[in-house]
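Remarks on the overall topology
Each chain, letter by letter, is given below.
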Amino acid sequence: MTNSLKVVCKQIIIRAFVILLLVTKRKPLSKVNLNLSPEKLAPKICLLIPHPDDEVVGCFHFIERLGPTTTIDLIYVTKELSTEMATKRFRESSKATEALVINNYLQWDFPDGNLINHRVSLIQRMTELQDKYDLILCPAPNDKTADHAVLAQVAYNQISLSKLLWYRSTWLTFPLRNADFVVEGKASKKRAALRHYKTQSKLALQNVVSLSTLEARFCGFHADSVEGFRYASSELMKDDPLNVLSLKSLIRLRDWL
């Protein structure tokens, strides 16, 4: 199949699915607290980032909104084994977030893709954060991406739940309808930031914005880019997220809207 034919087929699939959504009765947006002001969450915030690009995928608008009024530190939990690749990815992240107000970029240097074998050291690092920050963000615990899952579980076990906030580090590990609050923004800004991650082009990161925009529209949001967040709780979410960046997830989106 030629590339042009693939593009045409993809457009047909998307349009057909949009029509399907239009004839689907939507659930009322009752669980999302649209009036909550994130600025009141905490004065000192830490974002635990499994890999460079997750900060933009899950928290770009969050940082954009809170950066000017709070202190936000980014901690890159893993790092590429290749010094050259690690440098490239950190440089990409710096360019992607250069328009945001970030207090400090920190690196923990755990090997990318192998966090599970460094759980003891990760636990030690995590406990050190408890008294340094008022709020700590990490991926949702049902995120099954390898390093994401380990990070989420260790954070859940080591950080006080009153200080822990979950974000959607892939496309949607939980629906916007189940978020405790959302932060809206412009899709064009997020797309521009994601274009800097050239080393991750195989992941089609732009699909994150497209899929989230579609979800947001059908949840009744006016903004074309919406990020959802949940307060940590002892009741873990069910283990069946739409945990991918691919348009293949469209077929399951109907059950989430």
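Residues numbered from 1 in each chain as written. Predicted model: local features only at pLDDT ≥ 70, side-chain atom pairs only at ≥ 80, totals over all residues. Heavy atoms only, no water.

Before going further, it helps to examine the pattern of salt bridges. In this structure the tally under the stated criterion is eight salt bridges. Measuring nitrogen to oxygen at the nearest pair gives 3.7 Å for the salt bridge that ties Asp109 to Lys79. In this pair, Asp109 is assigned in strand 3 (residues 104–111) and Lys79 in strand 2 (residues 71–79), connecting sequence segments 30 residues apart. A residue is classified by how much of its surface remains accessible, and Lys79, at 35% relative accessible area, is partly exposed. The partner of Lys88 in a salt bridge is Glu84, and the shortest N-O contact between them spans 3.8 Å. In this pair, Lys88 and Glu84 are both assigned in helix 3 (residues 83–96), four residues apart and thus about one turn of the helix distant. Residue classification places Lys88 among the partly exposed positions, given a relative accessible area of 36%. One salt-bridge network, held together by shared partners, links Asp53, Glu80, Arg89 and Asp112. (Salt bridge = Lys/Arg side-chain N within 4 Å of Asp/Glu carboxyl O. Helix = DSSP H or I, 4+ residues; strand = E, 2+ residues; numbered from the N terminus. Buried < 20%, exposed > 50% of the residue type's maximum accessible area, 1.4 Å probe, protein only.)

What follows concerns the sheet that holds strand 6 (residues 181–185). The strand order across the open sheet formed by seven strands is 3-2-1-4-5-7-6, and the pairing between neighbours is mixed. Two strands in the sheet have a free side with no partner beyond their single neighbour: strand 3 and strand 6. Averaged over all pairs of adjacent strands, the angle between their axes in this sheet comes to 25°, without regard to strand direction. Contacts from helix 2 (residues 54–66) reach strand 1 (44–49), strand 2, strand 4 (135–139), strand 5 (164–167), strand 6 and strand 7 (225–231) within the one sheet, and its direction differs from that of strand 7 by about 90°. (Pairing = 2+ DSSP bridges. Axes fitted to C-alpha atoms, helices over the stretch in contact; angles between N-to-C directions. Contact = heavy atoms within 4.5 Å.)

What follows is about the side chain of Asp143. In this fold, Asp143 is placed in the loop between strand 4 and helix 5 (146–158). From its side chain, Asp143 meets the backbone nitrogen of Thr145 in a polar contact 3.0 Å long. Within polar-contact distance, the side chain of Asp143 engages the side chain of Ser169 at 2.3 Å. (Polar contact = N/O pair within 3.5 Å; in protein donor to acceptor, adjacent residues only side chain to side chain.)

To continue, consider the confidence of the model for the protein chain. For the protein chain, the mean per-residue pLDDT works out to 82, and 75% of the residues sit at or above 70. Scored below 50 in pLDDT, residues 22–35 shows 28 contacts in the model against residues more than four places distant or in partner chains. (pLDDT = per-residue confidence, 0-100.)

Across the interface, helix 6 (residues 187–194) lies against helix 7 (residues 206–218) with an axial gap of 9 Å and an inter-helix angle of 160°. In terms of orientation, helix 6 lies roughly antiparallel with respect to helix 7. Every pair of crossing elements has a handedness; the one defined by helix 6 and helix 7 is right-handed. On helix 7, the residues that touch Ala187, Lys190, Arg191 and Leu194 of helix 6 are Gln206, Val209, Ser210 and Thr213. Along the lines of polarity and charge, the residues of the contact of helix 6 with helix 7 split into three nonpolar, three polar and two charged. (Parallel < 35°, antiparallel > 145°, perpendicular 65-115°, else oblique. Left-handed = near helix turned anticlockwise from the far one by under 90°. Nonpolar A, V, L, I, M, F, W, Y, C, P; charged D, E, K, R; others polar.)

For the structure shown, the criterion picks out eight aromatic pairs. Pairing Phe62 with Phe229 gives two aromatic rings, centres 5.0 Å apart and planes at 45°, and the pair type is tilted. Of this pair, Phe62 sits in helix 2 while Phe229 sits in strand 7, and the two are 167 residues apart along the sequence. Here Phe62 falls in the buried class, since its relative accessible area comes to 0%. Ring geometry for Tyr76 against Phe90: centres 5.7 Å apart, planes inclined by 80°, an arrangement best described as edge-to-face. Of this pair, Tyr76 sits in strand 2 while Phe90 sits in helix 3, and the two are 14 residues apart along the sequence. Taking relative accessible area as the criterion, Tyr76 reaches 0% and is therefore assigned buried. Phe90 sits in the partly exposed class, given a relative accessible area of 31%. Put simply, the rings of Phe62, Phe181, Phe229 and Tyr231 touch in pairs and so form one group of aromatic residues. Over the aromatic face of Tyr133 sits the side chain of Lys44, whose NZ or CZ is 5.5 Å from the ring centroid. Here Arg230 stacks its cationic end above the ring of Phe174, 5.9 Å away from the centre of that ring. (Phe/Tyr/Trp six-rings, centres within 6.5 Å; stacked < 30°, edge-to-face > 60°. Lys NZ or Arg CZ within 6 Å of the ring centre and 35° of its normal.)

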